[in-house]
Amino acid sequence: MGSSRLRVFDPHLERKDPAAAALADRELPLPTFDVPYFKYIDEEDEDEEWSSRSQSSTEEDSVDSLLSDRYVVVSGTPEKILEHLLNDLHLEEVQDKETETLLDDFLLTYTVFMTTDDLCQALLRHYSAKKYQGKEENSDVPCRKRKVLHLVSQWIALYKDWLHEDEHSKMFLKTIYRNVLDDVYEYPILEKELKEFQKILGMHRRHTVDEYSPQRKNKALFHQFSLKENWLQHRGTVTESEEIFCHVYITEHSYVSVKATVSSTAQEILRVVAEKIQHAEDDLALVAVTFSGEKHELQPNNLAISKSLDASGRIYVYRKDLADTLNPFAENEESQQRSIRILGMNTWDLALELMNFDWSLFSSIHEQELIYFTFSRQGSGEHTANLSLLLQRCNEVQLWVATEILLCSPLGKRVQLVKKFIKIAAHCKAQRNLNSFFAIVMGLNTASVSRLSQTWEKIPGKFKKLFSELESLTDPSLNHKAYRDAFKKMKPPKIPFMPLLLKDVTFIHEGNKTFLDNLVNFEKLHMIADTVRTLRHCRTNQFGDICPKEHPELKSYVHHLYVIDSQQALFELSHRIEPRV
């Protein structure tokens, strides 16, 4: 067998019909990579390969009677997988389910087994090919070109801004658009695809076939299509408005989390921090401290994030009258009073603000980020920026819960806080925000909080029962069966617990080889793509049935959480408010 062959199997083996059920008693082996139900499509002698199925045993013949002519790619070389995909594509409005899934699997995971440049070159070869499998197929030339253009349009629709940032893809789109302009005069049927292509790429000028004639070469038209002018400008705007979490440390182990753009100035960040710690902005200043211990005071108009933060370890806030002291804000009565502010907040509205914040992060995650996160391709965090933000937010919410409780010294107030967080967790579940739900429950179960026996003894029975029910959803037994069953019943839109979704993708990745006998294990990539598509399902709708009220103070509170990120510091606070007996 050569390297060009394609391994396939029939998906209808798992179809639940009476005939299939009748075979269940015969204990047929599950379709894995070692069973004989996989057939090989070779570049040569393909007919002989297919006909060999009729020479199988009697038992195999009865199984084959259940099989249809639809085949799903299991493994193959990148070039043969792409060829198989283009052959199976239909030019109708709606693809059959198997082909649609194969196309989506390929576009989601191609970066695992080939570079974007490789894909671009392969697509150009298929688009410009004069022969197919050594045969002249002039009648099928426009059909093949249309299939390539359809795949490209799906690629653009799926990746959106991601393609704008890749030099190979920009050059490819530039080239293929020019090729289509050259071909549309000879093949007028391409005009529909060209207009769709222009629509996707944001081109608004309408053209007629006459405009594509050789006498009117596309010099002026091509000038209108400028990736450099249209996309790089767009990319620059996105970069300037890109949001990240900036941690401004108040003490050695506590910080205010500020959601800000990379172009935010030190003055803008300081204003948020001053409001959070309830101190006069004029009395405060920000200082960047590098890993080597060097200190650099940030001027009001400095870009605190994009420049200073990259070169430094941390940003601290300090009082100007205590310029030599970086930690003037101790965990004192003032910080305790800040934590009690939450007691006056409506729990449903607070949960709504958490949901809105999480949804803004979750809806920004590109499906490809899970692929890059799992395979760590190119080892660059820029491909997983939005995913990293949501994971970081989950960790911050967990620390926020513990921080608020442990900074509250009065026992009665602390009991009220715990009750408050239990209610907020219940509201997060009702609002289908499982990311914050998990974070809050885990925050309440943090060792430094769960050891507060005096506090938990005073929690009313109904709240303990409610918390026990909420805890059961986070039970990891049977591969988080309780959570999976509950989440499956929830209608979209909904926000999953992202660490568990990443665990599922990582489990598939580490439990299966990416290449088998130098062929791409596409069945593994299909399983990964199927898991990644969970994001798409969760974001099917928008949260239109939940209309949050305008609460500027509440929104500011949720956007800029005050947390202590040291477990040791949290334990010290825990033993301070409830000493070990």
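Residues numbered from 1 in each chain as written. Predicted model: local features only at pLDDT ≥ 70, side-chain atom pairs only at ≥ 80, totals over all residues. Heavy atoms only, no water.

Visitor: Explanation requested: the overall build of the protein chain in the structure shown.
Guide: What the protein chain contains, in helices and strands, is 29 helices and 13 strands. Here the protein chain, with 581 residues, has 49% of them falling under the buried criterion. Of the contacts made within the protein chain by residues no fewer than 6 positions apart, 73% connect residues no fewer than 24 positions apart. Total accessible area on the protein chain stands at roughly 28,800 Å², and carbon and sulfur atoms take up 50% of it. (Helix = DSSP H or I, 4+ residues; strand = E, 2+ residues; numbered from the N terminus. Buried < 20%, exposed > 50% of the residue type's maximum accessible area, 1.4 Å probe, protein only. Contact = heavy atoms within 4.5 Å. Areas by Shrake-Rupley, 256 points an atom, 1.4 Å probe, with all protein chains shown as cover.)

Visitor: What exactly am I supposed to notice about the packing of aromatic side chains here?
Guide: Remark: the centre distance and the inter-plane angle together describe each pair of aromatic rings, the angle taken between the planes. By the definition in use, this model includes 15 aromatic pairs. Each ring, one from Y110 and one from Y159, has its centre 5.9 Å from the other, and the planes form 45°; the classification is tilted. Within this pair, whereas Y110 is found in helix α5 (residues 97-113), its partner Y159 is found in helix α7 (residues 141-159), the two being separated by 49 residues in sequence. Take Y110 and Y159: they sit in the same class, and that class is buried. Geometrically, the ring pair formed by F438 and F497 is stacked, given 4.0 Å between the ring centres and 10° between the ring planes. Of this pair, F438 sits in helix α20 (residues 434-444) while F497 sits in the loop between α24 (477-489) and α25 (498-511), placing them 59 residues apart in sequence. Here the two residues F438 and F497 agree in accessibility, since each one is buried. Feature note: the residues F106, Y110, F113, W155, Y159, F172 and F522 constitute an aromatic cluster, connected by ring pairs. (Phe/Tyr/Trp six-rings, centres within 6.5 Å; stacked < 30°, edge-to-face > 60°.)

Visitor: Is there a simple way to explain the environment of T514 in this structure?
Guide: By secondary structure assignment, the location of T514 is in the loop between α25 and β11 (515-516). Residue T514 is classed as buried on the basis of its relative accessible area, which comes to 14%. If we skip the residues at most four places from it in the chain, T514 touches V112, F375, H509, L519, V520, N521 and K524. Of the polar contacts made by the side chain of T514, one reaches the side chain of K524; its length is 2.7 Å. (Polar contact = N/O pair within 3.5 Å; in protein donor to acceptor, adjacent residues only side chain to side chain.)

Visitor: Honestly, α7 in this entry has me stumped. Any pointers?
Guide: Each full turn of the α-helix corresponds to 3.6 residues, which orients residues three or four apart in the same direction. In this model α7 runs 27 Å from its N-terminal to its C-terminal C-alpha over 19 residues, within 8% of the 27 Å that 1.5 Å per residue would give. Along α7, 15 of the 19 residues are buried, which leaves the element largely enclosed by surrounding structure. Taken from the residues just after α7, K160 is the one with a positive phi, measuring 50°. (Expected span 1.5 Å × (residues − 1).)

Visitor: Can you walk me through the packing of helix α4 (residues 78-88) against α5 in this structure?
Guide: Each packed pair of helices is defined by two parameters, the angle between the axes and the distance between the axes. Interaxial distance between α4 and α5 falls to 10 Å at its minimum, and their mutual angle equals 155°. It follows from the interaxial angle that α4 and α5 lie roughly antiparallel. Between α4 and α5 the crossing geometry is left-handed. Taking contact as the criterion, the partners of P78, I81, L82, H84, L85 and D88 in α4 are, on α5, T99, L102, L103, F106 and F113. Broken down by class, the residue content of the contact of α4 with α5 amounts to eight nonpolar, two polar and one charged. (Axes fitted to C-alpha atoms, helices over the stretch in contact; angles between N-to-C directions. Parallel < 35°, antiparallel > 145°, perpendicular 65-115°, else oblique. Left-handed = near helix turned anticlockwise from the far one by under 90°. Nonpolar A, V, L, I, M, F, W, Y, C, P; charged D, E, K, R; others polar.)

Visitor: So what exactly am I meant to see when it comes to the nonpolar core here?
Guide: Within soluble globular proteins, side chains that are nonpolar generally end up buried alongside one another. Counting residues in hydrophobic clusters, the biggest one holds 152 residues, and the most contacted among them are F106, W155, L370, W400, F421 and I440. Residue contributions to this core peak at 11 residues, all from helix α18 (residues 385-406). F421 has contacts with I342, W400, V401, E404, I405, I440 and L444, leaving out every residue within four places of it along the chain. (Core = buried A, V, L, I, M, F, W, Y, C linked by side-chain atoms within 4.5 Å.)

Visitor: Help me understand the packing of α20 against helix α23 (residues 461-473) in this model?
Guide: Running from N to C, α20 and α23 cross one another at 120°; their axes reach a closest spacing of 10 Å. By crossing handedness, the relation of α20 to α23 is classed as left-handed. Facing F437, F438, V441 and L444 of α20, the residues of α23 in contact are F467, L470, E471 and L473. Of the residues contributing to the contact of α20 with α23, the split by class is seven nonpolar, no polar and one charged.

Visitor: Looking at this model, I keep getting lost on helix α6 (residues 116-128). Mind explaining?
Guide: The end-to-end C-alpha distance of α6, which contains 13 residues, comes to 18 Å, matching closely the 18 Å that a straight helix rising 1.5 Å per residue would cover. Within α6 the residues assigned to the buried category are T116, L119, C120, A122, L123, L124, H126 and Y127. Residues of α6 that are buried sit in contact with α4, α5, α7 and α9 (167-183).

Visitor: Looking at this structure, I do not really get the pairing of strand β8 (residues 284-289). What am I missing?
Guide: Two faces belong to every sheet, and in a regular strand the side chains alternate between them. Among the six residues in β8, six count as buried, and that is most of the element. Side chains L284, L286 and A288 project from β8 onto one buried face, and the interleaved A285, V287 and V289 project onto a second face that is buried too. Both β8 and strand β10 (residues 314-319) contribute to a ladder of six bridges, which runs antiparallel. Looking at β10, one finds that A288 is bridged to I315. Bridge count between β8 and strand β9 (residues 295-297): three bridges; the pairing is antiparallel. Paired with V287 across the bridge in β9 is E297. (Pairing = 2+ DSSP bridges.)

Visitor: Can you help me understand the pattern of salt bridges in this one?
Guide: Where charged atoms from two side chains of opposite charge approach closely, those side chains can pair. Applying the stated criterion to the full structure yields 14 salt bridges. One salt bridge connects R484 with D504, and the closest N-O pair in it is separated by 2.8 Å. A residue pair is termed long-range when its members are at least 10 positions apart, and R484 in helix α24 and D504 in helix α25 qualify at 20 residues. Since its relative accessible area comes to 18%, D504 is described here as buried. In this structure, the salt-bridge partner of R533 is D530, at a minimum N-O distance of 3.3 Å. Look at R533 and you get buried, because its relative accessible area is 15%. (Salt bridge = Lys/Arg side-chain N within 4 Å of Asp/Glu carboxyl O.)

Visitor: How do you make sense of the environment of V317 when you look at a structure like this?
Guide: Assignment of secondary structure puts V317 in strand β10. The sequence separation of V317 and E297 amounts to 20 residues, and the corresponding C-alpha distance is 9.8 Å.

Visitor: When you look at the side chain of E367 in this model, what are you seeing that I'm missing?
Guide: For E367, the location among the structural elements is in helix α17 (residues 367-375). Residue E367 is classed as buried on the basis of its relative accessible area of 7%. Apart from residues no more than four positions distant in its own chain, E367 is found in contact with L108, L158, V532, L535, R536 and R539.

Visitor: Quick question: what am I supposed to make of the pairing of strand β7 (residues 254-261) here?
Guide: Summarising burial for β7: seven of the eight residues are buried, a large majority. The pairing of β7 with strand β13 (residues 562-564) spans three bridges and is antiparallel. Its bridge partner being in β13, V256 is matched across the sheet by Y562.

Visitor: Looking at this structure, how should I read unusual backbone geometry?
Guide: Look at the link from P492 to P493: it is a cis peptide, with omega at 5°. Among the structural elements, P493 can be located in the loop between α24 and α25. Residues other than glycine seldom take positive phi values, yet L478 does so here, at roughly 55°. When you line up the elements, L478 lands in helix α24.

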